[in-house]
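# Observations on chain architecture
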Amino acid sequence: MKFPVCDFAESEEGFYSQCASCPIESSQPGCALDEQSDGTYLFSGETPHGGVRAVFYFKNDAGDRVAKQEAVHVEIHEFDDQNLLVAILYGMVDPEGMIYLKKSDS
């Protein structure tokens, strides 16, 4: 599958490409993510590793949660339809907003 499914970035197969540093606020139409009250971001829909939703934790260098535009690091948890964790991805964000990810071991 291709991700993100949004109006800003071109999607790539099986890869979360440009959610960090994206200029589209999650509250605006066109964003694939929905900002939650706890500071995480939720994607609902098919995920690259077979889940049905993904939770994004955007962080600064100190490990504090920050808005996606301010992120240096990202952790993405993918869940299946029974709320079981199917994948955790860890990533670094470059200045242009690309996220480089490493998938956790099974």
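This text goes with the structure placed above it.
Below: a short report on this structure. (Residues numbered from 1 in each chain as written. Predicted model: local features only at pLDDT ≥ 70, side-chain atom pairs only at ≥ 80, totals over all residues. Heavy atoms only, no water.)

### Points about unusual backbone geometry
- Positive phi is not limited to glycine here, since Asn-83 has a value of about 65°.
- Mapped onto the fold, Asn-83 is located in the loop between strand 6 (73-79) and strand 7 (85-93). (Helix = DSSP H or I, 4+ residues; strand = E, 2+ residues; numbered from the N terminus.)

### Topic: the side chain of Thr-47
- When you line up the elements, Thr-47 lands in the loop between strand 4 (41-44) and strand 5 (53-59).
- Taking the relative accessible area as the measure of exposure, Thr-47 reaches 1% and is therefore buried.
- Here the side chain of Thr-47 touches Gly-51 through a polar contact of 2.7 Å, landing on its backbone nitrogen.
- Among the polar contacts made by the side chain of Thr-47, one reaches the side chain of Glu-78 at a distance of 2.6 Å. (Buried < 20%, exposed > 50% of the residue type's maximum accessible area, 1.4 Å probe, protein only. Polar contact = N/O pair within 3.5 Å; in protein donor to acceptor, adjacent residues only side chain to side chain.)

### Examining the nonpolar core
- Within the largest apolar cluster, 16 residues are counted, with the highest numbers of intra-cluster contacts made by Leu-33, Phe-43, Phe-56, Phe-58 and Ile-76.
- Residue assignment for this core shows that the elements contributing at least two residues are strand 4, strand 5, strand 6 and strand 7. (Core = buried A, V, L, I, M, F, W, Y, C linked by side-chain atoms within 4.5 Å.)

### Observations concerning the pattern of salt bridges
- Under the criterion given, the structure shown has one salt bridge.
- With a closest N to O distance of 3.7 Å, Glu-75 and Lys-59 form a salt bridge. You can see Glu-75 sitting in strand 6 and its partner Lys-59 sitting in strand 5, a full 16 residues away along the chain.
- Under the relative-accessibility criterion, Glu-75 is labelled buried at 18%. (Salt bridge = Lys/Arg side-chain N within 4 Å of Asp/Glu carboxyl O.)

### Observations regarding the environment of Phe-56
- Note that Phe-56 resides in strand 5.
- Look at Phe-56 and you get buried, because its relative accessible area is 0%.
- When the C-alpha positions of Phe-56 and Ile-88 are compared, they lie 9.9 Å apart, and in sequence the two are 32 residues distant.

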